[in-house]
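# Inside the fold
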Amino acid sequence: MGSAPITCAATAITYGVPISTLPIHEIIPTLRTQLASREAVVLSAPPGSGKTTVAPLALLGEPWLAGKNILMLEPRRLAARLAAGFMARQMGEEVGKTVGYRVRFEAKVSPATKVEVVTEGVLTRRMQDDPELAGVGLVIFDEFHERSLQADLALALCLDVMTGLRDDLKLLVMSATLDTEAVSRLLNNAPVVLGTGRSYPVGVEYCPGAPPAQPQPREIAKQVAAAIHKGLTEQPGDILAFLPGAAEIRHTQALLTAGLPPGEIAIHPLYGDLSLTAQTAAVQPDPKGRRRIILATPIAETSVTIEGIHTVVDSGWKRSPQFDPNSGLSRLTTQRISHASATQRAGRAGRRGPGHCYRLWSMGEDHGLKPFDPPEIMSADLSQMVLDLARWGVHKPDGLRWLDPPPAGHFAQAQSVLLTLGALDRQGHITPLGKKMAELPTHPRLGHMLLGAAKHNATDLACDLAALLSERDIIKGRERSADIEDRIHALAAFRTDGPAAARALEADTDGCRRVAQTSRQLREHLPKPARPKGNDKAAPAANAGELLALAFPDRIGQRRNEGRGQYKLTSGRGAVLPAHDRLAGQEYLAVAELDAGRIEGRIFLAAPLAREAITSLFDARLQREEKVFWEEQSGTVKGQRLLRLDELVLETAPLAKPSAEAVLTALLSGIRTLGLGALPWNDKARELQARIICMQGWQPEAGWPEVSDASLLETLEQWLAPYLTGMRSAEHLKKLDLFAILAAKLDWQQQSRLEREAPTHLTVPSGSKVRLRYTPGEPPVLAVRLQEMFGLADTPRVCNNTVPVLLHLLSPAQRPMQITQDLRGFWEGAYHEVKKELRGRYPKHHWPDDPWQAQPTSRIKPRK
DNA sequence: CTCTCCCT
């Protein structure tokens, strides 16, 4: 068996409420009286309570609604159609009479319609066109606990309308969870009406697996497969398992097929990217009556209901996108689910009878779960919403009353994207172009592309691209390329040669159908292309890359030379293609879809782009720059003329005459990278440096200049720059006379003081001029033959007689015999020992018993 | 080791 054994906690809790007959009817009278006197009411009732279909019809005859309609908001098209159909049947009517619906691509409404069920996008669009919501007396928000971006926006817009334009508009916010306090507060302390649901008890069993550190797909799959095996033996009926994503589903499926007898049990993956046929198969009962295991993403939490589920296995993880305002990109992350989500998942086992739920964590960890999922507004790309708000006249996150205001950073990022696209001005106000973009039923980036395409004679292609990017990828399969041309070809094949031709190109035919439909709708929103008049020549048609560049001007990729498939984006960020992708050889890409990743982004959809196309498309945004820099390799200052698009360098050319100032700056930075040793130091210059540093140490208050290596390196501009005129290479630097340059840091007075107080030589009793050696922080060293010092009592001093030198007293052969700063002490003491040794080694020299009276001599040869 | 879900 391909899965690990599993041990389960003996604890089991049960929740759920007893079955009763639609308890929602019991609270209808309360709902009526509350809504009659208040502008808003919150209705909280669990799934299965019937609130979606009961509440609108029950309120239809209210006097305050006379002559006005109900608008009900649903998060999904299917739910809108089902709810309208159910209500129409209740009234014994066709859909589109008293009860109708309006979703994208489809409307069933008539002048007789009193209840109109709409999806979220329809409502925000309608409010933009008709802010007063003329003829509407009540807006119902269904499934508000899902807290979609659009529902949050619609609620904020409704509240705005109610404060000014429409004091007779009422709201009913319906939610399946009990987190109603915040909504109630936002709606001026609206009353909360509580209903009960109708569901069966679900026994919950905790089966802790490995501790929940960072989840590995294989590890999650192993635990889920083990729990499924346990469920197969302990529980009857079908099993629904919740996993974070496709990778975990694949692994679990592999483990199960390896561990189960073939053919007896049907295993179905279920996730949004799957073909419609595969999804339908997963949702329906098995045609051969076999037991079923459904391996699903959170799609099965709300969007899809599966009949006959008795057992749920909950991994406790989900994958969701997190917007990163720094990069302006989203990344998918695997996270723990919320408590509300865990309850919702368990509830999926109790729709038709008592059920059972295995949770792959411990009961103790329940407390670590967040009570609710954060609303979408906290983690989404806000550019479309910010454009809608600008059109509404709102330019700041706090311009409306929100349940959770949009995060300021995300809001600002959206504004900056919209500014780049020309939809907003610097104040965040909408431009005429922005208004046109907001009227198109698509993301502002794609709207920008659609509107720009006419000029490039490519409106049809732009519609297809916008449709492709609005819907799920039509090419499935793990080996697919990121090249968007593949999708364009498949779509063309689908249109001209039918579904089989599309399938031959590995495209999903339902997907092609959806994309074609979306493309057609977008085309209808755009003006008909003007026929070229007389001898006007039509502009050459733009290709996919050029069009995508209009939508994603901040995501142009340039190949890096580090490895195949590595790109740098206009923002400076890195992004990679799989190395096997055929696009990977392209020098430039227009990137449409990518995941922010941790360090580097991952490119999922892109098109090749010619450099000439970039320069002509972004002419106004190109930066022409002259760059003068130190080239380490050649050790010279180089000048280049650059053509840049933000962080990308599109062209370089040598710069004939760089400005002297720029050359100097580059040369100085070159010296800084090479270090001070790159300058032509000689002993004389180093000695001068040491003498100045010594003087500064001995006379800290006397104003000696800072000339240590560190401070010289820091202050190159001040002391060295004036001597660098005309120089531009390491070779040129060799001509510098550092001694003279350093000396020039001293004024005349300091120079003569230096000669006096830190002299290069001292005259010793023999008459010789002997060199002093200076080392910063130490006394200067006078190395002199002992014989030359006869007769001198006191150690010579420098620095205005304050610093005794360190004497290295040498033998005639320059061997150090004694090191001392106390000459008098030496003559009186140690000399007499040294003398004996010297007499032995140098018998022909004169080694007097009385050095005080002896004649100093500089003669090297001994006396005859 | 290729990516959750949904909407105009």
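Read on for an overview of the structure. Each chain has its residues counted from 1, running along the sequence as written. Written order decides the labels, with chains lettered from A and ligands numbered from 1. For a predicted model such as this one, the threshold for reporting local features is a pLDDT of at least 70, and the threshold for listing and counting side-chain atom pairs is 80 or more; totals across whole chains, interfaces and linings nevertheless cover every residue. Side-chain metrics in this entry use all non-hydrogen atoms of the structure; hydrogen atoms and water are not considered.

This paragraph deals with the sheet that holds strand β23 (residues 623-631). Paired strands, as defined in this entry, are two strands with at least two bridges between them according to DSSP. What counts as a helix is a DSSP run of H or I of at least four residues, what counts as a strand is a run of E of at least two, and both are numbered from the N terminus. The three strands lie next to each other as β23-β24-β25, forming an open sheet whose pairing is antiparallel. With one partner strand each, in any of the chains shown, β23 and β25 (648-654) form the two edges of the open sheet. Sheet twist, expressed as the mean angle between neighbouring strand axes with direction ignored, is 35°. Bridging between β23 and strand β24 (residues 636-645) involves nine bridges; their strand directions are antiparallel. In the sheet register, valine 628 faces β24, and the bridge partner there is glycine 639. Helix-sheet contacts for helix α22 (residues 660-674) involve β23 and β24, and the interaxial angle to β23 is about 40°. Here, axes are lines fitted to C-alpha atoms. For helices the fit covers the stretch in contact, and angles between N-to-C directions go from 0 to 180 degrees. Residue contacts are defined here by distance: any two heavy atoms, one from each residue, within 4.5 Å place the two residues in contact.

Around DNA strand B there are 32 residues in total, and Arg77, Thr119, Arg478, Arg602 and Phe604 lie nearest to it. Whether a residue is near a molecule or strand depends on its heavy atoms: it is near if one of them lies within 4 Å of it. Restricting attention to atoms of DNA strand B within 4 Å of the protein, one finds that 57% of them are sugar or phosphate atoms. Pairs of N or O atoms are called polar contacts if they sit within 3.5 Å, as long as, within protein, a hydrogen donor faces a hydrogen acceptor (for residues adjacent in sequence, only side-chain-to-side-chain pairs). One of the side-chain nitrogen or oxygen atoms of arginine 125 is found 2.8 Å away from a base oxygen of DNA strand B. At a separation of 2.9 Å, a phosphate oxygen of DNA strand B approaches a polar side-chain atom of serine 303. Here the element with the most residues in the surface near DNA strand B is helix α4 (residues 120-129); it accounts for three residues. Partitioning the surface near DNA strand B into residue classes produces eleven nonpolar, eleven polar and ten charged. Three categories are distinguished: nonpolar for Ala, Val, Leu, Ile, Met, Phe, Trp, Tyr, Cys and Pro, charged for Asp, Glu, Lys and Arg, and polar for the others, with Gly belonging to the last.

On to the sheet that holds strand β3 (residues 69-74), then. Strand order in the open sheet formed by eight strands is β5-β4-β6-β3-β7-β8-β2-β9, with mixed pairing between adjacent strands. What marks the edges here is a single partner per strand, and that holds for β5 (106-108) and β9 (192-194). Here the strands of the sheet are splayed against their neighbours by 20° on average, with no regard to which way each runs. As paired elements, β3 and strand β7 (residues 136-141) share five bridges and run parallel to each other. Looking at β7, one finds that leucine 71 is bridged to valine 139. Taken strand by strand, α4 contacts β3, β4 (99-103), β6 (115-119) and β7, and its axis lies near 105° from that of β6.

To continue, consider unusual backbone geometry. Positive phi, normally seen in glycine, also occurs at leucine 133, with a value near 50°. Relative to the helices and strands, leucine 133 resides in the loop between α4 and β7. Working definition: with a 1.4 Å probe on protein chains only, accessible area under 20% of the residue-type maximum means buried, over 50% means exposed, and in between means partly exposed. Look at leucine 133 and you get buried, because its relative accessible area is 0%. Despite not being glycine, asparagine 457 shows a phi value in the positive range, around 60°. By relative accessible area, which is 40% here, asparagine 457 ends up partly exposed.

To continue, consider the packing of α4 against helix α12 (residues 383-392). Describing two packed helices takes the angle between their axes plus the distance from one axis to the other. Put simply, α4 and α12 touch, their axes get as near as 10 Å, and they point 25° apart. Classed by the angle they form, the pair α4 and α12 counts as roughly parallel. Regarding α4 and α12, the two cross each other, and that crossing is left-handed. Only Asp388, Arg391 and Trp392 of α12 make contact with α4, whose side of the interface consists of Met127, Gln128 and Asp129. A per-class count over the contact of α4 with α12 returns two nonpolar, one polar and three charged. Angular relationships are summarised with four words: roughly parallel below 35 degrees, roughly antiparallel beyond 145, roughly perpendicular across 65 to 115, and oblique for the angles in between. Handedness of a crossing follows from how the near helix is turned relative to the far one, being left-handed for an anticlockwise turn of less than a right angle and right-handed for a clockwise one.

Treat this as a map of the structure, not an account of what it does.
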